[in-house]
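Working through the structure, step by step
Single-letter residue listing:
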Amino acid sequence: PKRKKSTGSVNSTASSRRGSTGARSTTSLGLNLSNLPTMDDPVEPVTETQYEKLEEVMVQFCKVPLLAEFSRPVAVLHPELMSVYSKIVENPVDLGKVCRRL
């Protein structure tokens, strides 16, 4: 299957979340979160070899029976959560949809 190429662009929201010092807070367990990547950080494009290996792992991952709770839409499994869930998750994708597209 064809995949989209990464643009590697950086969004300014990651730095604004970190504040003016560029550091995030420490958790209640004393873990320093300042060096963790965010979704907005630039990433290297995935090579064809990496993509093939990832696809192999995902095919095996999708066969794990314990993931059944994540293989159906939240709207089906937990309709009572949809009012809150839809405010938080703009584009929901369940694991079943991912596995069917492999």
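Computed from a prediction, not measured in an experiment: that's the story for all the values here.

Looking now at the confidence of the model for the protein chain. With 75% of its residues at a pLDDT of 70 or more, the protein chain has an overall mean of 78. Here residues 6–23 scores under 50 on pLDDT; set against residues more than four positions off or in separate chains, the count is 20 contacts.

Turning to the state of the cysteines, a few remarks are in order. All chains considered together, the criterion is met by one disulfide. Note that Cys62 is cross-linked by a disulfide to Cys99, the S-S spacing being 1.7 Å. A torsion of -85 degrees about the S-S bond marks the disulfide between Cys62 and Cys99 as left-handed. Taken together, the positions of Cys62 in the loop between helix H2 (48–61) and helix H3 (74–77) and Cys99 in helix H5 (residues 95–100) put the pair 37 residues apart, joining distant regions of the chain. Judged by its relative accessible area of 22%, Cys99 falls in the partly exposed class.

What counts, and where the lines are drawn
- Throughout this description, residue numbers start from 1 for each chain and increase along the sequence as written.
- Confidence filtering applies because this is a predicted model: local features only for residues at pLDDT of at least 70, side-chain atom pairs given and counted only at 80 or more, and all residues used for totals across whole chains, interfaces and linings.
- Note that water and hydrogens are dropped before the side-chain values are worked out from all heavy atoms of the structure.
- For every residue, the predictor assigns a confidence score, pLDDT, that lies between 0 and 100.
- Contacts between residues were defined by any pair of non-hydrogen atoms, one from each residue, lying within 4.5 Å.
- We call a pair of cysteine sulfur atoms a disulfide when they lie within 2.5 Å.
- In this text, helices come from DSSP runs of H or I with a minimum length of four residues, and strands from runs of E with a minimum of two, each type numbered from the N-terminal end.
- Think of it in three bands: residues with accessible area under 20% of the maximum for their type are buried, residues over 50% are exposed, and the middle band is partly exposed, with areas taken using a 1.4 Å probe on protein chains only.

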